[in-house]
Amino acid sequence: MEMERINEKLNSFSEIVLKDASRKAGEILKDAQNEKEKRLEEQEIDYLKEAYRKIHEALAEVEKENNSLYSAKLFEAKKILYNKRMEITDRVFENVLKRLEEYRKTKEYSDKLRQLIEKGLNEVGGGKVRITVDNEDLNLAKKLAGEARKDVEVAGSDTKLFGGCIVINETSGILADYSFKSRMEQQRKAFLEFSGLNVEL
């Protein structure tokens, strides 16, 4: 009888110990599962972050390539426009030069040159004065300058003036540029500005 009670107690104790062990094992497994899931979640987040970073890097590279391509195409288009602008401008001013050459053979040009010489002389004032003209206008300019003032030197220009004259007071350093070349340069700039052909590279 005593042995049975001992066995019962042992069985009961064993059952309690086994239940407790089973409960503790369950808790350990649950904790391990939770820890595993937590680690998996952390790894998943890390993978997602890395993927997100790589996507952003790829997008930035694509955008950079597109910007470079766009810039190159834009520059190429501006270059074409610039060349076309220069072609049109050159053509316009070639025609202007031809008309000037015809104009310089007329009596009107002789009168105009006289006006420009007188205007230049008045502008630069007294002192040692030199008038510079194109070589083809040299004889005419000497005659016109002599009629306006006797103490004036008239010389041929080293560069093409396309008509008109440059009057220089060598004493004071004052210069009056009434050459057709300077007027054409001003007109060329104005033409580009007001014609809408101005292109910046």
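Residues numbered from 1 in each chain as written. Predicted model: local features only at pLDDT ≥ 70, side-chain atom pairs only at ≥ 80, totals over all residues. Heavy atoms only, no water.

Asks: A description of helix H3 (residues 138–148) should follow, citing residues and the corresponding values.
Replies: Leu 138, Ala 141, Leu 144 and Ala 145 are the residues of H3 that are buried. On an axial view of H3, the arc spanned by its buried residues comes to 130°, and they lie on one face. Residues of H3 that are buried make contact with helix H2 (107–124), strand E1 (129–133) and strand E2 (152–156). (Buried < 20%, exposed > 50% of the residue type's maximum accessible area, 1.4 Å probe, protein only. Helix = DSSP H or I, 4+ residues; strand = E, 2+ residues; numbered from the N terminus. Arc of directions from axis to C-beta. Contact = heavy atoms within 4.5 Å.)

Asks: Requested: an account of the side chain of Ser 157, with residues and values cited.
Replies: Mapped onto the elements, Ser 157 comes out in the loop between E2 and strand E3 (164–169). The class of Ser 157 is buried, set by a relative accessible area of 13%. Of note is the side chain of Ser 157, whose polar atom sits 2.6 Å from the backbone oxygen of Thr 159. With near-sequence residues (within four places) excluded, Ser 157 lies in contact with Thr 132, Val 133 and Asn 135. (Polar contact = N/O pair within 3.5 Å; in protein donor to acceptor, adjacent residues only side chain to side chain.)

Asks: Break down the pattern of salt bridges for me, citing the residues and quoting the values.
Replies: In total, this model carries 12 salt bridges according to the counting rule given. The shortest N-O distance in the salt bridge between Asp 134 and Arg 104 comes to 3.2 Å. In this pair, Asp 134 is assigned in the loop between E1 and H3 and Arg 104 in the loop between helix H1 (2–103) and H2, connecting sequence segments 30 residues apart. Across this residue pair, the class does not change: Asp 134 and Arg 104 are buried. Of the charged contacts in the structure, one is a salt bridge between Glu 136 and Lys 160, with a shortest N-O distance of 2.5 Å. Separated by 24 residues along the polypeptide, Glu 136 in the loop between E1 and H3 and Lys 160 in the loop between E2 and E3 bring together distant segments of the chain. Accessibility expressed as a relative area gives 48% for Glu 136, which makes it partly exposed. (Salt bridge = Lys/Arg side-chain N within 4 Å of Asp/Glu carboxyl O.)

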